[in-house]
Amino acid sequence: TNSASTSTATKQALSVQEDSATVDVVKEASQAVVSIIVSKDYSKIYGDQPTSPFNNFFGFPIGEPQVPQGQQEIGGGSGFIVSADGLIVTNKHVVDDDQATYAVVMNDGKKYDATVVAKDPTNDVAIIRIEAKELPTLTFANSDDVQIGQTVIAIGNALGQYRNTVTKGIVSGKARPAPAGAERDT
């Protein structure tokens, strides 16, 4: 009986320590995780469309499709700050639309315009820049040190709308291709 109660106490202590470690990591890292907002001015795209030849053909207006005016938020993603002067790493597929504009929302709600600096389609990685100073940063770790079974934490802009979402998982494999955002032949 004594070993059973000791085992239970050890499991509870480990659970508390792991939860505390996760909370501590999230508190520290989330300051450098940003949401990326993708916007587009559809009035520029649809503004040059010809009107329908059938509009008012039978004496009553059919009407044209309603064209959104001004910048419309069309998507989003996540990134993390890697230099205190505003360089941010994100996925290429997040910032791939050359006709879109990009903004970065910090963890504290502050918003900055962003410009795309570089895109790597092979690895689905991009670098964007905001004009800011003394930003919190994250550093890259050595991925060779990651072990299968190790706990990982993801912080980001889930589905482009849930900012500062946190989830935790387990490394299930290494050196696997990541086809997210990659074009596939059909």
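All chains use their own residue numbering, which begins from 1 and follows the written sequence. Local features in this predicted model are restricted to residues of pLDDT 70 or higher, and side-chain atom pairs are both shown and tallied only at a pLDDT of 80 or more, whereas totals for entire chains, interfaces and linings draw on every residue. Based on all heavy atoms of the structure, the side-chain values leave hydrogens and waters out of the count.

Novice: Please give an account of the environment of Ile128 that cites residues and values.
Specialist: Where helices and strands are cited, they refer to DSSP runs of H or I of at least four residues and of E of at least two residues respectively, numbered from the N terminus. The residue Ile128 is located in strand β6 (residues 125-130) in this model. Its relative accessible area of 0% is what places Ile128 among the buried residues. Residues in contact with Ile128, not counting those within four places in the same chain, are Ile36, Gly86, Leu87, Ile88, Thr90, Val95, Val104, Ala114, Thr115, Val116 and Val117. For every residue, the accessible area (1.4 Å probe, protein chains only) is compared with the maximum for its type, and the residue is labelled buried under 20%, exposed over 50%, or partly exposed between those bounds. Between two residues, a contact is recorded if the distance between any of their heavy atoms is within 4.5 Å.

Novice: Explain the pairing of strand β3 (residues 87-90) residue by residue, including any values.
Specialist: In short, DSSP must find at least two bridges between two strands for them to pair. Across three bridges, strand β2 (residues 71-81) lies against β3 in antiparallel orientation. Of the residues in β3, the one forming a bridge with Gly79 is Thr90. Once β2 ends, the chain turns through five residues before running back antiparallel as β3, passing Gly86 with a positive phi of about 110°. Sheet analysis places β3 next to β6, joined by four bridges and oriented antiparallel. Along β6, the bridge assignment pairs Val89 with Ile127.

Novice: Just give me the short version of the environment of Gln99, but keep the residues and values in it.
Specialist: By secondary structure assignment, the location of Gln99 is in the loop between β3 and β4 (101-105). For Gln99, a relative accessible area of 57% translates into the label exposed. The spacing of Gln99 and Lys40 is 59 residues in sequence and 6.9 Å in space, taken between C-alpha atoms.

Novice: Tell me about the pattern of salt bridges, residues and numbers included.
Specialist: Pairing between side chains of opposite charge can happen when their charged atoms approach one another. We define a salt bridge as a side-chain nitrogen of Lys or Arg found within 4 Å of a carboxyl oxygen belonging to Asp or Glu. Using the criterion set out here, one finds five salt bridges in the structure. Asp85 is the salt-bridge partner of Arg129, the closest N and O atoms lying 4.0 Å from each other. Pair noted here: Arg129 is in strand β6 and Asp85 is in the loop between β2 and β3, with a separation of 44 residues, a long-range link. Residue classification places Asp85 among the partly exposed positions, given a relative accessible area of 33%. Between Asp98 and Lys119 there is a salt bridge; the shortest N-O distance is 3.0 Å. Remark: Lys119 occurs in strand β5 (residues 111-120) and Asp98 occurs in the loop between β3 and β4; sequence separation between them is 21 residues. The network of salt bridges with common partners includes Lys92, Asp96, Asp98 and Lys119.

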